[in-house]
Number of protein chains: 4
Amino acid sequence: MSELKFKGIVAYPITPFHPVKGGIDVEMLSRSIEKLIDSGVHAIAPLGSTGESAYLSDDEWDHAAEASIKQVANRVPVVVGISDLTTRNAIRRARFAEAQRADAVMVLPISYWKLSEEEIFEHYAAIGEAIGIPIMVYNNPATSGVDMSPLLISRLVRDIDAVTMVKESTGDIQRMHKLHQLSDGQIAFYNGSNPLALEAFVAGAVGWCTAAPNLIPELNIGLYDAVAAGQLDRARDLFYRQLPVLEFILKGGLPSTIKAGLQLDGLDVGAPRAPLAPLSIESRDTLSKLLSQARR
Amino acid sequence: MSELKFKGIVAYPITPFHPVKGGIDVEMLSRSIEKLIDSGVHAIAPLGSTGESAYLSDDEWDHAAEASIKQVANRVPVVVGISDLTTRNAIRRARFAEAQRADAVMVLPISYWKLSEEEIFEHYAAIGEAIGIPIMVYNNPATSGVDMSPLLISRLVRDIDAVTMVKESTGDIQRMHKLHQLSDGQIAFYNGSNPLALEAFVAGAVGWCTAAPNLIPELNIGLYDAVAAGQLDRARDLFYRQLPVLEFILKGGLPSTIKAGLQLDGLDVGAPRAPLAPLSIESRDTLSKLLSQARR
Amino acid sequence: MSELKFKGIVAYPITPFHPVKGGIDVEMLSRSIEKLIDSGVHAIAPLGSTGESAYLSDDEWDHAAEASIKQVANRVPVVVGISDLTTRNAIRRARFAEAQRADAVMVLPISYWKLSEEEIFEHYAAIGEAIGIPIMVYNNPATSGVDMSPLLISRLVRDIDAVTMVKESTGDIQRMHKLHQLSDGQIAFYNGSNPLALEAFVAGAVGWCTAAPNLIPELNIGLYDAVAAGQLDRARDLFYRQLPVLEFILKGGLPSTIKAGLQLDGLDVGAPRAPLAPLSIESRDTLSKLLSQARR
Amino acid sequence: MSELKFKGIVAYPITPFHPVKGGIDVEMLSRSIEKLIDSGVHAIAPLGSTGESAYLSDDEWDHAAEASIKQVANRVPVVVGISDLTTRNAIRRARFAEAQRADAVMVLPISYWKLSEEEIFEHYAAIGEAIGIPIMVYNNPATSGVDMSPLLISRLVRDIDAVTMVKESTGDIQRMHKLHQLSDGQIAFYNGSNPLALEAFVAGAVGWCTAAPNLIPELNIGLYDAVAAGQLDRARDLFYRQLPVLEFILKGGLPSTIKAGLQLDGLDVGAPRAPLAPLSIESRDTLSKLLSQARR
């Protein structure tokens, strides 16, 4: 199955906006993706939460998806975030991503009105039927407003062929235990909660979906490698070293903090889209200090 | 101030979709608005939560806004829901509503990434500067993912001229107390939580923003009149009579339940847009029974 | 049924400790009860939350129960809080209260380990079988750690003869709606959440269980009278006038704030028992100011 | 410092009640403690949550404390739970435990009225001043109703000499990260949440406080040993093997489930004290099956 393509560090690029024209800044997008690939991450996930996908028009979304996939150019696998409030537009995006040769799509059941379990199931089933590439189910109630129980998620995996991967971002390690238990260890689950990076790998996660490699890729990849090598003391040390950065970027909002961090590193990727605001000067100084401490 | 235009029962129309073409079904939209006006409601609020505003494309939204305002034709005041994830599109919609001669706009700070209080303030301030009609601030964390404290709301009212009304939908009557206290009783607040209909009026709400008048307008208007006349026993009786319907439509999701109820009443307004699903047959039967009991 | 004895304002005395000997200060207890009766409250509820019942030894509890009932001397009905972690000691206290001629007992299912609904039911049933006076079920998850659903409460009322009254203190007015609905308006429910004083009466509460009459009895009784007379504007005015005091005493902890308030009024009832601390000087000044404003 | 005494598996005995006389059944208590020591646990913690400490009279508590310490007879360290609602009785119990030669005391800030941070601090400080043995701070909001933030806990450790150990039972691994960060890895923290057994050790916990060794000591000790040896795959396997039992005993309430499990193993320790109920037959069958699967 295609899910074996994805393991290790799955990195989220930001989506830069052109300072004058306002649309996608393809040059900066390409450079930030290139930076990620150079750093050695194992996969790229454009148009996720970090990529401000929710704030793009459909045209912008298409533009960014196409440019991102082209830039990666098959050097690592690509999973594209295609989430949308309506099923019909989620399908449109999923088909677009497949046509552009994405390796998989990631789907968060964004809500305005709370969705029933049946409505969520039908949403995933409809997308699954419309495409020939795998789906990574993404659970993140803090941004989507929908919390999918491990039981529902395991049903999605079991009953919808296209669903082969799960990204869990609730920040509760016990959800991952439950996914393991409900599938006898067969569900390929990914950690989407940065502060659980160490424990999720220990609990059996096959990958870590994170925006952190934009700023501290060596530490992220180093943690993965240490756990894989069974070097627990080294893993714990690497984890606590990067934890302050992981907590800061999560708390400050990934688009704002990652864009600020890239600018600190010399890549001028601009501001997030309003109402999201750029980091304050004080917060940027804090980030700068935390990065220095982690990279020491 | 323009806010005095709005008091009593502020009714939410649904947005019907054309069964064949898929876009806005203007004829059905007009008929459902006409039904509301006939019933005697005091104001109309198109493109709110009930109106599936979040699930429309921009073209559809424009179409529905224009048609709704035209249909009301100044017989009662109109407040149009213009909420959008980005500030720039919220402004575009607000200007469109003003150009179509809406009396006010309603703004919910929809989020994907959690917004800071400053980001929320700037969102409202930017919309306020762009238009010449009043803003009703709308707090509904269950759908928007953003919970604005009474303190923040009172700051919006105080510091942004255009903000003159507040709709509170958390379901916590104590929020209304706090709005009263923070403004010495000066903030015009509206109740957006159906199960608090009685208590909110008693606590001083000037209006009740509700989709219930699509189905039980006499009971809604009757409750308002009874409280206004100081007939507490009558108000309590009317309230408990309609409460099962109010709870049912809230729990089942307003677009699905109101559309089902209108169909039960002979107005074929179709289904909500996927992933929202129409009511199941069992739920429709329950609704039918609850409506009969309330209308007895 | 005996429950008709209780309506209107059910007042909670504090339990004063002797400054030297450390046990119950019976003289001060008597004076504080006398003050309540003089003020015109409709019933007295010793050894509730306000009475620091949870912090007393069994001997102290017996002493306070006996002295309180004697002091009231049948001038108004008395409901004694007999809550304890174990069923056997709750029964012992209930029997003691009955032997002392209490009119009813109030029972909160205090927990350390979360109780199942069956365990809660059996707890109430065992107490009910042991005594011949009515039980007021008391739901207050914030102090007891147990939240009884309206469904469970209505089952207690229906299936245990002794249970004839319910005190709801969750602060959620919708719980009272549900009790009304589940019993066709037949359950005698009391409001135990001070900030809901106005709305609970409007929703049908027969009484308000509160420690506030230790400090502002005229306002508490006035609110009850205004609602009873259908004077809604007057009720609302009285409510908002006393609300800051009601919020302050709740937030600061009733034993600490009520004792401080009584001292401000010249009744030196001492400090609460450690770990509960007396009010700080700043908080006492705030309370003094809030009392002046409410009593103006 | 004395805290080095405690590491690895800290086991909680139950408190058996005499079937006829009703008080502490010392013989059964001794046998259940002996069983724990035989199994190889590293320390014993009588009169914790599992030991129904909250449901004992003072005489019973003293009796159980004395008998437990005597039975252990210095073969492993003993930490005695001395929690009580009042500071004065907590001190009395702490002194009693010290006089009986306990190695440390464990203190949970049980509440009825919510305690402020100052009240909690003073509670610990007063106990600390009264004794000469170390205190293990115990945070378990689910049973105590008080949630101590990592910041408050680290302040207790820093400012009260006697406080040298922390037991965290919220079930949130991020609390342990924070304790690590706030003390540069210097706070000795223990995991009190069974489902976090694996991850807590990985995050740096020095011990696991658990009632599970009453039933599956080899699996508990094996997990600790595997992590200590850096055998991550083996640790994960052992963890998932025992997790269903860990979840079951937590969800069913430790006194009820552990007593039922001991009876299944042939040690007739009787029922928990009402209102706590013994396991139903169905639940006992489930436990029996889960134990068989884990021990396979």
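Here the structure is a predicted model, which is why all the values come from computation and not from measurement. (Residues numbered from 1 in each chain as written. Chains lettered and ligands numbered in written order. Predicted model: local features only at pLDDT ≥ 70, side-chain atom pairs only at ≥ 80, totals over all residues. Heavy atoms only, no water.)

> Outline the interface of chain B and chain A, supporting the account with residue identities and numerical values.
With 28 residues of chain B in contact, the opposing surface of chain A contributes 28 residues. The junction of chain B with chain A conceals about 2,700 Å² of combined surface from both sides, 62% of it contributed by carbon and sulfur atoms. Together, Tyr 112, Trp 113 and Pro 275 of chain B form the three largest contributors to the area buried by chain B at its contact with chain A, with a combined 33%. Connecting chain B to chain A are 2 salt bridges. (Contact = heavy atoms within 4.5 Å. Buried area = accessible area lost by both parts, 1.4 Å probe. Salt bridge = Lys/Arg side-chain N within 4 Å of Asp/Glu carboxyl O.)

> Which residues make up the pattern of salt bridges, and what are the values?
Scanning the entire structure with this criterion turns up 63 salt bridges over all chains. The salt bridge involving Glu 66 of chain A is made with Lys 70 of chain A; its shortest N-O contact spans 3.1 Å. Of the two residues, Glu 66 of chain A and Lys 70 of chain A are both situated in helix H2 (residues 58-72); the distance of 4 residues between them amounts to about one turn of the helix. Asp 58 of chain B is the partner of Arg 93 of chain B in a salt bridge, and the nearest nitrogen-oxygen pair spans 3.0 Å. Of the two residues, Arg 93 of chain B is situated in helix H3 (residues 87-99) and Asp 58 of chain B in helix H2 (residues 58-72); the sequence distance between them amounts to 35 residues. What makes Arg 93 of chain B buried here is its relative accessible area of 2%. Since its relative accessible area comes to 32%, Asp 58 of chain B is described here as partly exposed. One network of salt bridges, in which partners are shared, links Asp 58, Asp 62, Asp 84, Arg 92 and Arg 93 of chain B. (Helix = DSSP H or I, 4+ residues; strand = E, 2+ residues; numbered from the N terminus. Buried < 20%, exposed > 50% of the residue type's maximum accessible area, 1.4 Å probe, protein only.)

> For helix H11 (residues 254-264) of chain C, give the residues involved together with the corresponding values.
Residues and elements named next belong to chain C. With 9 of 11 residues buried, H11 is to be regarded as a mostly interior element. Those residues of H11 that sit buried are Leu 254, Pro 255, Ser 256, Thr 257, Ile 258, Lys 259, Ala 260, Gly 261 and Leu 262. Looking at the buried residues of H11, the elements they touch are helix H1 (26-39), helix H10 (232-251) and helix H12 (281-295). Of the residues trailing H11, Gly 266 is marked for its positive phi of about 100°.

> Residues and numbers for the relation of the copies chain C and chain B, please.
Superposing chain C onto chain B requires a rotation of 180° together with a translation of 0.0 Å along the rotation axis, leaving an RMSD of 0.0 Å. These values place the two chain copies in the arrangement generated by a two-fold rotation axis. Considering only C-alpha atoms, the residue of chain C closest to the rotation axis is Glu 199 of chain C, which sits at 2.7 Å. Take the interface residues of chain C: 100% of them recur as interface residues in chain B, which is what a same-surface contact looks like. (Least-squares fit on C-alpha atoms with pLDDT ≥ 70 in both.)

> Kindly report on the environment of Asp 268 of chain C, identifying the contributing residues and their values.
Residue and element names in this part refer to chain C. For Asp 268, the location among the structural elements is in the loop between H11 and H12. Separated by 236 residues in sequence, Asp 268 and Ser 32 place their C-alpha atoms 9.8 Å apart. Those residues in contact with Asp 268, other than ones at most four positions away along the chain, are Met 28 and Gln 263. One polar contact links the side chain of Asp 268 to the main-chain amide nitrogen of Gly 270, over a distance of 3.5 Å. (Polar contact = N/O pair within 3.5 Å; in protein donor to acceptor, adjacent residues only side chain to side chain.)

> An account of the sheet that holds strand S1 (residues 8-11) of chain B is requested, with residue identities and associated values reported.
Residues and elements named next belong to chain B. An order of S2-S1-S8-S7-S6-S5-S4-S3 is seen for the 8 strands of this open sheet, with the pairing classed as parallel. The two strands at the open ends of the sheet, each matched to only one other strand, are strand S2 (43-44) and strand S3 (79-81). In the sheet, S3 pairs with strand S4 (residues 104-107) via 3 bridges, with the strands oriented parallel. Pairing of Gly 81 across the sheet is with Met 106, part of S4. (Pairing = 2+ DSSP bridges.)

> Can you explain the interface of chain C and chain B? Please cite residues and give values.
Contact residues are listed per partner, giving 26 residues for chain C and 26 residues for chain B. Around 2,100 Å² of area is buried between chain C and chain B when both sides are counted, 56% of it from carbon and sulfur atoms. Taken as a group, His 177, Val 202 and Tyr 240 of chain C account for 28% of the area that chain C buries against chain B, more than any other trio of residues on that side. Where chain C packs against chain B, one counts 2 salt bridges. Taking the shortest distance from any N to any O, the salt bridge between Glu 247 of chain C and Lys 178 of chain B comes out at 3.4 Å. The interface formed by chain C and chain B includes 12 residue pairs in polar contact (both at pLDDT 80 or more).

> How would you explain the confidence of the model for chain A if you had to name every residue and give the values?
Chain-level pLDDT for chain A is 96 on average; 99% of the residues reach the 70-or-more range. Reported confidence for the predicted complex is 0.95 by ipTM and 0.96 by pTM. (pLDDT = per-residue confidence, 0-100.)

> Give a description of the packing of helix H1 (residues 26-39) of chain A against H2 of chain A that names residues and reports values.
Residues and elements named next belong to chain A. Relative to each other, H1 and H2 sit at 40°, their axes nearing to 10 Å. In terms of orientation, H1 lies oblique with respect to H2. When you trace H1 past H2, the crossing you get is right-handed. Along the contact surface, H1 presents Val 26, Leu 29, Ser 30, Ile 33, Glu 34 and Ile 37, while H2 presents His 63, Ala 64, Ala 67, Ser 68, Gln 71 and Val 72. (Axes fitted to C-alpha atoms, helices over the stretch in contact; angles between N-to-C directions. Parallel < 35°, antiparallel > 145°, perpendicular 65-115°, else oblique. Left-handed = near helix turned anticlockwise from the far one by under 90°.)

> Describe the packing of H10 of chain C against H11 of chain C, and please don't skip the residues or the numbers.
Helix packing geometry: the angle between the two helix axes and the distance between the axes. All names here are of chain C. Contact geometry of H10 with H11 gives a least axis separation of 6 Å together with a crossing angle of 125°. One finds that H10 runs oblique with respect to H11. Contact residues: Phe 248, Ile 249 and Leu 250 in H10; Leu 254, Thr 257 and Ile 258 in H11. Each residue belonging to the contact of H10 with H11 can be placed in one class, and the counts come to 5 nonpolar, 1 polar and no charged. (Nonpolar A, V, L, I, M, F, W, Y, C, P; charged D, E, K, R; others polar.)

> How would you summarise the packing of aromatic side chains if you had to cite specific residues and measurements?
Tallied over the full model, the rule gives 17 aromatic pairs over all chains. When the centroid spacing of 6.2 Å and the interplanar angle of 65° are considered together, the rings of Trp 61 of chain C and Phe 96 of chain C count as edge-to-face. On the criterion of sequence distance, the pair formed by Trp 61 of chain C in helix H2 (residues 58-72) and Phe 96 of chain C in helix H3 (residues 87-99) is long-range, its members being 35 residues apart. For the pair Trp 61 of chain C and Phe 96 of chain C, a shared accessibility class is recorded, and that class is buried. Here the aromatic rings of Phe 201 of chain D and Trp 208 of chain D are separated by 6.5 Å at their centres, their planes lie at 85°, and the arrangement is edge-to-face. One aromatic cluster in this structure is built from Phe 201, Trp 208 and Tyr 224 of chain D. For the cation-ring pair, Lys 167 of chain D lies above Tyr 138 of chain D, with the distance from its terminal atom to the ring centre recorded as 3.6 Å. Sitting over the face of the ring of Phe 17 of chain D, Arg 273 of chain D holds its NZ or CZ atom 4.2 Å from the ring centroid. (Phe/Tyr/Trp six-rings, centres within 6.5 Å; stacked < 30°, edge-to-face > 60°. Lys NZ or Arg CZ within 6 Å of the ring centre and 35° of its normal.)

> Give a detailed account of the sheet that holds strand S5 (residues 135-139) of chain C, specifying residues and quantitative values.
All names here are of chain C. Pairing in this open sheet of 8 strands is parallel, and the strands run S2-S1-S8-S7-S6-S5-S4-S3 from one edge to the other. Two strands in the sheet have a free side with no partner beyond their single neighbour: strand S2 (43-44) and strand S3 (79-81). One ladder, built from 4 bridges, connects strand S1 (residues 8-11) with strand S8 (residues 207-210); its direction is parallel. Looking at S8, one finds that Val 10 is bridged to Cys 209.

> Can you tell me about the arrangement of the chains, naming the residues and giving the values?
In this view chain A stays clear of chain C, with the nearest C-alpha atoms of the two still 20 Å from each other. Spatially, chain B is disjoint from chain D: no contact exists, and the shortest C-alpha separation is 20 Å.

> Which residues make up the environment of Lys 7 of chain B, and what values do they have?
Within the fold, Lys 7 of chain B resides in the segment before S1. Separated by 70 residues in sequence, Lys 7 of chain B and Pro 77 of chain B place their C-alpha atoms 9.8 Å apart.

> So what about the relation of the copies chain B and chain A? Which residues, and what values?
For the match of chain B to chain A, the screw axis carries a shift of 0.0 Å, the RMSD comes to 0.0 Å, and the turn is 180°. Taken as a fraction of all interface residues of chain B, those also at the interface in chain A reach 100%, which identifies the copy contact as same-surface.

> Break down the environment of Ile 153 of chain A for me, with residues and values.
Residue and element names in this part refer to chain A. Position of Ile 153 relative to the elements: it lies in helix H6 (residues 150-159). Owing to a relative accessible area of 0%, Ile 153 belongs among the buried residues under this scheme. Along the primary structure Ile 153 and Ile 44 are separated by 109 residues, whereas in three dimensions their C-alpha atoms are 23 Å apart. The contacts of Ile 153, once residues within four sequence positions are left out, are Asn 139, Met 148, Val 166, Glu 168 and Leu 179.

> Give me the pairing of strand S8 (residues 207-210) of chain A: which residues, what numbers.
For a regular strand, side-chain orientation follows a simple rule: the groups alternate between the two sheet faces. Residue and element names in this part refer to chain A. Of the two faces of S8, both are covered, the one formed by Gly 207 and Cys 209 as well as the one formed by Trp 208 and Thr 210. One ladder, built from 2 bridges, connects strand S7 (residues 188-191) with S8; its direction is parallel. Within S8, the residue paired with Asn 191 across the bridge is Trp 208. For the crossover from S7 across helix H8 (residues 197-203) to S8, the handedness is right-handed. (Right-handed = clockwise from strand over helix to strand, strands pointing away.)

> Lay out unusual backbone geometry with the relevant residues and their values.
Note that the residue after Ala 274 of chain B, namely Pro 275 of chain B, is joined by a cis bond; omega there is 15°. Structurally, Pro 275 of chain B is set in the loop between helix H11 (254-264) and helix H12 (281-295). Even without glycine at this site, Asn 74 of chain C takes up a positive phi of about 65°. Within the secondary structure layout, Asn 74 of chain C lies in the loop between H2 and S3. Residue class for Asn 74 of chain C comes out exposed when judged on its relative accessible area of 68%.

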